[in-house]
Amino acid sequence: LTTTMTTRGGGRPLTTTTTATAAAAAEAEAPPPAALSKRDEHCLRELRIFFRAVLRELRNDRGLAALWRPVDPDEQPEFYAIADDPLDLSVVRARVDAGEYATLDGFLDDVRAVKANAKKLARLMPGDAKADDNAHAAAAIDDLARSMAFRFENKLGWDLVARCDAVAAKLLRRNTKKTTK
C-alpha cells in the first residue's frame, strides 16, 4: 500500500489516496463519516455547488467547447511534452464531483492551469487560428470564474471561503497525523 497526499491551491489538502484497489482508493478519498462536523460538510458542499454553477456557465458558452476536452495527442503530441498538467474543463468538473477541491483557490488554480495550457498550445502553434481562439477562450474562462468568485464571496453573509480554508487545514493536519503513524 502506498499513501500519497494530493494538494492543490497553495498547498491546501484535497485528498489522501491509498493505492491498492479502486475500492480502497475510493474509501480513502472520502473522510470518515465522523471526521467533519455537519457545518464543515455543509461548507464544502456549498463550495462545490458554486463550482458547479461556474462550470455550468462555462459549459453554456459554445465558444468554449474545445476547452472541455483534452488536446488530441495524435494531433498535438508536442503539447504533452510542454504541459505541466494537461488539464481541460472536463477534468476540473470530475475533480469537483469527486470532492477534490476543499478551497476556492484550488479550483481557481486549475482554471488558471487550463488557461496556461491553452496559451502554451498557442505558442507552440504560432499563426494557428484555432489555437489562438482557444487561448482567447481560456482567458475568458479565467476571467469569468474569478469574477463569479468575487461576486459569490461578496454576496454571502458569512465567509464561506475562509471557513473552507479552515476545514482544508484541519483535513491536512488529520491526514498528516495518519501518514506519520
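Residues numbered from 1 in each chain as written. Predicted model: local features only at pLDDT ≥ 70, side-chain atom pairs only at ≥ 80, totals over all residues. Heavy atoms only, no water.

Attention now goes to the overall build of the chain. Counting its regular elements, the chain contains seven helices and two strands. N-terminal to C-terminal, the α/β element order of the chain is β-β-α-α-α-α-α-α-α. Classification of the 181 residues of the chain by burial places 38% in the buried group. For the chain, restricting intrachain contacts to residue pairs at least 6 apart in sequence, the fraction spanning at least 24 positions comes to 64%. (Helix = DSSP H or I, 4+ residues; strand = E, 2+ residues; numbered from the N terminus. Buried < 20%, exposed > 50% of the residue type's maximum accessible area, 1.4 Å probe, protein only. Contact = heavy atoms within 4.5 Å.)

For the rest of this paragraph, the subject is the pattern of salt bridges. Taken as a whole, this structure holds seven salt bridges when the rule is applied. When the shortest N-O distance is used, the salt bridge between Arg95 and Glu100 registers 4.0 Å. Note on accessibility: Arg95 and Glu100 belong to one class, buried. Taking the shortest distance from any N to any O, the salt bridge between Lys115 and Asp142 comes out at 3.3 Å. Of the two residues, Lys115 sits in helix H5 (residues 104-124) while Asp142 sits in helix H6 (residues 129-155), which places them 27 residues apart along the sequence. Each member of the pair, Lys115 as well as Asp142, is classed as buried. Via salt bridges that share partners, Arg95, Glu100 and Asp110 belong to a single interconnected network. (Salt bridge = Lys/Arg side-chain N within 4 Å of Asp/Glu carboxyl O.)

What follows covers the packing of helix H2 (residues 38-59) against helix H4 (residues 89-97). Relative orientation of the contacting elements H2 and H4 amounts to 155 degrees, with a least axis distance of 10 Å. Judged on the interaxial angle alone, H4 and H2 are roughly antiparallel. Seen along the crossing, H2 lies across H4 with a hand that is left-handed. Along the contact surface, H2 presents Arg48, Phe51, Arg52, Leu55, Leu58 and Arg59, while H4 presents Leu89, Val92, Arg93, Val96 and Asp97. The residue makeup of the contact of H2 with H4, split by class, is six nonpolar, no polar and five charged. (Axes fitted to C-alpha atoms, helices over the stretch in contact; angles between N-to-C directions. Parallel < 35°, antiparallel > 145°, perpendicular 65-115°, else oblique. Left-handed = near helix turned anticlockwise from the far one by under 90°. Nonpolar A, V, L, I, M, F, W, Y, C, P; charged D, E, K, R; others polar.)

So, about the state of the cysteines. Disulfide: a covalent bond connecting the sulfur atoms of a pair of cysteines. All told, the structure shown has zero disulfides when counted by the stated rule. Free cysteine: Cys43, not disulfide-bonded; nearest cysteine sulfur from Cys164 at 4.9 Å. (Disulfide = S-S within 2.5 Å.)

Moving on to the packing of H2 against H6. Direction vectors running N to C along H2 and H6 enclose 140 degrees, while the axes themselves pass 10 Å from each other. As judged from the angle between their axes, H2 and H6 are oblique. Seen along the crossing, H2 lies across H6 with a hand that is right-handed. Together, Glu46, Leu47, Phe50, Ala53, Val54, Glu57 and Leu58 of H2 and Ile141, Leu144, Ala145, Met148, Ala149 and Phe152 of H6 make up the contact between the two elements. The class makeup of the residues in the contact of H2 with H6 is eleven nonpolar, no polar and two charged.

Ranked by size, the top nonpolar core spans 38 residues in total, and within it Leu67 and Phe107 carry the most contacts. At the level of elements, H2, H4, H5, H6 and helix H7 (160-180) are the ones that each hand at least two residues to this core. When residues of this core are assigned to their parent elements, the largest contribution, eight residues, is made by H2. Judged by nonpolar contacts, the second largest core, of seven residues, contains Ala83, Leu121, Ala122 and Ala135. (Core = buried A, V, L, I, M, F, W, Y, C linked by side-chain atoms within 4.5 Å.)

This part covers the confidence of the model for the chain. Chain-level statistics for the chain give a pLDDT mean of 78 and a share of 78% at 70 or above. No element of the chain has a lower mean pLDDT than strand E2 (residues 13-19), at 37, and none a higher one than H4, at 95. Taken together, the stretch residues 1-28 has pLDDT below 50 and engages in 61 contacts with residues farther than four places along the chain or on a different chain. In the model, residues 30-34 has pLDDT below 50 throughout and makes three contacts with residues more than four positions away in sequence or in other chains. (pLDDT = per-residue confidence, 0-100.)

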